[in-house]
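Working through the structure, step by step
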Amino acid sequence: MDRRTFVKLAAAAGLSAMVPATRAIASEDDDKVVFTEELAAIAANSFLNSFYPDKGLSISSVTQYATIDDVVDGYIVGFSDENGLPYGYLTASANAPGLYADFIIEEGALPPHLTAVKQCANPQISTLSNTQPELPDDAMVYLINAIQYGVYSPTSEQMLVLGGKTVDVPKSVVMSGIATVGVKIDIGKDASVSVSDVYKNYTVTNGGNLSSWVSTTQDRIIAITGRYACVVTALLACAGFHGLADPWDDADAYYELWNLTGTHEDTANTTPGALWGVTARENVVSGYKEFAARRNRSISGRHTANPNFNEYVSSVNNNQICLMHAGLNDENGVRSGHAMAVEGFLQALSNNDYSGLRILQVFDGWYSGVRYINFDFDRYTDFAGTFFVA
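Residues numbered from 1 in each chain as written. Predicted model: local features only at pLDDT ≥ 70, side-chain atom pairs only at ≥ 80, totals over all residues. Heavy atoms only, no water.

**Points about the packing of helix α6 (residues 230-241) against helix α8 (residues 284-293)**
Running from N to C, α6 and α8 cross one another at 40°; their axes reach a closest spacing of 11 Å. The pairing of α6 with α8 is recorded here as oblique in orientation. Handedness of the crossing formed by α6 with α8: right-handed. Facing Val 231, Leu 235, Cys 238 and Ala 239 of α6, the residues of α8 in contact are Val 284, Tyr 288 and Phe 291. (Axes fitted to C-alpha atoms, helices over the stretch in contact; angles between N-to-C directions. Helix = DSSP H or I, 4+ residues; strand = E, 2+ residues; numbered from the N terminus. Parallel < 35°, antiparallel > 145°, perpendicular 65-115°, else oblique. Left-handed = near helix turned anticlockwise from the far one by under 90°. Contact = heavy atoms within 4.5 Å.)

Written out as structure tokens, the structure is:
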């Protein structure tokens, strides 16, 4: 999947088996309250205090978002540094374990909906920026699927998606709950959360990373090859980690991986600017093994449906790069997918109720920096992993 279709993957830190997973944000006995901007801000401050206490970050924006059927899901909280410049975001979802759906902490990183607005105004602009655009007055932010966000304008009947893509969406599809003015959903459809989740603080109890961070960017891949496929890009990162290719400059290796994995044109993706490709998961291991063998390197691998978190922990702890595959529905309800290289994990324990967070640290195929994804926020249509041993 390309960034122009799927807005953002929250890349995440993965936790170990010692900490129990939290599949629900509150027990049945907890009192629920309406999830407001104020509570989202409190949760975001708790997040910063738990994971980034020394960065001097503060909240710059709190934006409500809803699912495509007009049900409020949560808030995207933007962060800024001590100079007031963008420094990432946290998506606080009423349906995510611990409220944290995904986050990015990186200098210049904008919240996904603001990046969509900025790139649709200028598709060539960098996703990292020192300025923060404003949402249109009549706009509402929507969660299209597990990782794809869009900014809908009732005036234009268009959904703006990260990467400069504009999707036509009939007004009747998303207008039923939007207030006449502003960016609020009808209060009757607001989300509710447990107050105890809002005030949770976490202690990092376990984590790990590969011996080196390897990545590239979608823009760089397109610049040197004229094409893009998420699986091939993830495998190029693997090749970089294994010392078989340079992910920033080796176009020939990209073409070779494309061919060895049987990657072919994605005719459903008509976004201009590149040849978009799709890869069958069953070809990933065999294609990469052959790629390595041609360079006198023996690498084995396996593909696993619904891998558990400990498989990723074990792989990282053994300094073995691996892949995460997530099935997603696009804005038309059609299944698509995205693959990412997993290069680390993080585990944290709540100081309040001892519930745990499990997060994977990934190179998402779009940006060179780290993305963090809540492993237990399971809104995927399907999920799989590819594990290599070199």
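**Looking at the nonpolar core**
Counting residues in each nonpolar core, the largest one holds 54 residues, and the members touching the most others are Tyr 288, Tyr 312, Met 324 and Leu 360. Examining the composition of this core, we find that 10 residues originate from one element, α6, more than from any other. Setting aside its immediate chain neighbours within four residues, Met 324 contacts Tyr 312, His 338, Ala 339, Met 340, Val 342, Leu 360, Ile 373, Tyr 380, Phe 383 and Ala 384. The next biggest cluster of nonpolar side chains, apart from the first, holds 31 residues, and it includes Ala 44, Tyr 87, Ile 105 and Ile 359. (Core = buried A, V, L, I, M, F, W, Y, C linked by side-chain atoms within 4.5 Å. Buried < 20%, exposed > 50% of the residue type's maximum accessible area, 1.4 Å probe, protein only.)

**A look at the state of the cysteines**
Per the counting criterion, the structure on display carries zero disulfides. Of all cysteine sulfurs in the structure, the one in Cys 322 sits closest to Cys 238, which takes part in no disulfide; the separation is 8.1 Å. Residue classification places Cys 238 among the buried positions, given a relative accessible area of 0%. (Disulfide = S-S within 2.5 Å.)

**Concerning the sheet that holds strand β13 (residues 264-265)**
Strands sit in the order β12-β14-β13 across an open sheet of three strands; the sheet is mixed. Of all strands in the sheet, those bounded by a partner on one side alone are β12 (227-228) and β13. Sheet topology places β13 next to strand β14 (residues 275-278); two bridges connect them, and they run antiparallel. When the sheet's bridge partners are listed, His 264 is paired in β14 with Val 278. (Pairing = 2+ DSSP bridges.)

**What about the pattern of salt bridges?**
One pass over the full model with this rule turns up nine salt bridges. Asp 382 is paired through a salt bridge with Arg 281; the nearest N and O atoms lie 2.7 Å apart. Within this pair, whereas Asp 382 is found in strand β20 (residues 382-389), its partner Arg 281 is found in the loop between β14 and α8, the two being separated by 101 residues in sequence. Put simply, Arg 371 and Asp 364 hold a salt bridge, and the shortest N to O gap is 3.3 Å. (Salt bridge = Lys/Arg side-chain N within 4 Å of Asp/Glu carboxyl O.)

**Quick notes on the confidence of the model for the chain**
Mean pLDDT for the chain: 80, with 77% of residues reaching 70 or above. Predicted confidence is poor over residues 2-29, with pLDDT under 50, and the contacts of this stretch with residues over four places away or in other chains come to 150 contacts. A low-confidence stretch, residues 170-188 stays under pLDDT 50, and its non-local contacts, those more than four residues away or across chains, total 43 contacts. (pLDDT = per-residue confidence, 0-100.)

**Here we look at the packing of aromatic side chains**
Going through the model one piece at a time under the given rule, you end up with 20 aromatic pairs. Each ring, one from Tyr 142 and one from Tyr 152, has its centre 6.5 Å from the other, and the planes form 85°; the classification is edge-to-face. Of the two residues, Tyr 142 sits in strand β6 (residues 140-143) while Tyr 152 sits in strand β7 (residues 149-153), which places them 10 residues apart along the sequence. By the burial criterion, Tyr 142 is buried, and Tyr 152 matches it. Each member of the aromatic cluster is reached from another via a ring pair, and the members are Phe 47, Phe 51, Tyr 52, Phe 79, Tyr 100, Phe 103, Tyr 202 and Tyr 372. Taking NZ or CZ as reference, Arg 295 lies 3.7 Å from the ring centre of Phe 291, over its face. (Phe/Tyr/Trp six-rings, centres within 6.5 Å; stacked < 30°, edge-to-face > 60°. Lys NZ or Arg CZ within 6 Å of the ring centre and 35° of its normal.)

**A word on the pairing of strand β17 (residues 335-350)**
Across a regular strand the side chains alternate sides, sitting on one face of the sheet and then on the other. With respect to burial, β17 is a largely interior element, 13 of its 16 residues being buried. Sheet topology note: the strand β11 (residues 202-209)/β17 ladder contains seven bridges and is antiparallel. When the bridges of β17 are listed, Thr 203 appears paired with Leu 349.

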